[in-house]
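# Structure at a glance
Letter by letter, the chains look like this.
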Amino acid sequence: MALAAKHQKNLIPSSAMTSYNEHIIDERGTHFKLWSPNAEKAQVLLFNHDSNGLAISTIDMTRSDSDYFTASVGQKLYDYFYAFKIKHQGKWLAPTPGI
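Note that the coordinates shown come from a computational prediction; the quantities given were computed from them, not determined experimentally. (Residues numbered from 1 in each chain as written. Predicted model: local features only at pLDDT ≥ 70, side-chain atom pairs only at ≥ 80, totals over all residues. Heavy atoms only, no water.)

## Section: the packing of aromatic side chains
Applying the stated criterion across every chain yields a total of 3 aromatic pairs. Consider the rings of Tyr82 and Phe84, whose centres lie 5.6 Å apart with planes at 75°: the pair is edge-to-face. The class for Tyr82 is buried, based on a relative accessible area of 0%. Members of the aromatic cluster, each reached through a chain of ring pairs, are Phe32, Tyr82 and Phe84. For the cation-ring pair, Lys33 lies above Tyr68, with the distance from its terminal atom to the ring centre recorded as 4.5 Å. (Phe/Tyr/Trp six-rings, centres within 6.5 Å; stacked < 30°, edge-to-face > 60°. Buried < 20%, exposed > 50% of the residue type's maximum accessible area, 1.4 Å probe, protein only. Lys NZ or Arg CZ within 6 Å of the ring centre and 35° of its normal.)

## With respect to the sheet that holds strand E7 (residues 68-73)
A sheet is described by the order of its strands in space; here 4 strands give the open sequence E2-E3-E7-E6, paired in antiparallel fashion. Each end of this open sheet is capped by a strand with a single partner; those strands are strand E2 (23-26) and strand E6 (62-63). Inspection of the sheet shows strand E3 (residues 29-35) paired to E7 by 6 bridges, in the antiparallel sense. The residue of E7 that forms the bridge with Phe32 is Ala71. (Pairing = 2+ DSSP bridges. Helix = DSSP H or I, 4+ residues; strand = E, 2+ residues; numbered from the N terminus.)

## Looking at the nonpolar core
Residues Phe32, Val44, Leu46, Met61 and Phe84 are the most contacted members of the largest nonpolar core, which totals 15 residues. Elements represented by at least two residues in this core include exactly E3, strand E4 (41-48), E7 and strand E8 (80-88). (Core = buried A, V, L, I, M, F, W, Y, C linked by side-chain atoms within 4.5 Å.)

## Quick word on the pattern of salt bridges
For the structure on display, the rule yields 2 salt bridges. With its nearest N and O atoms 3.0 Å apart, the salt bridge here joins Asp26 to Arg28. Put simply, Arg63 and Asp67 hold a salt bridge, and the shortest N to O gap is 3.0 Å. In this structure Arg63 comes out as partly exposed when scored by relative accessible area, which is 34%. (Salt bridge = Lys/Arg side-chain N within 4 Å of Asp/Glu carboxyl O.)

In structure tokens:
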């Protein structure tokens, strides 16, 4: 399934120290955060800006006690697209773009 055909992917802007509710880029890398209280598992899918809709990387997220899932990578992922994917009731749902 080509994600681009179903969802508009979110672009991580190229400005320094970009911060949104669901991702932060700082001196340590890029950090993702997703609130999904009903999800069993969650992943971040990364896409190259010139991709054909296939993820170039999938990052498993870790659940916190407050129903947030988090993941970090040691790179500053400027100019990459990302989407979240959750597992709910035993099934992986279609990826949804970040805000």
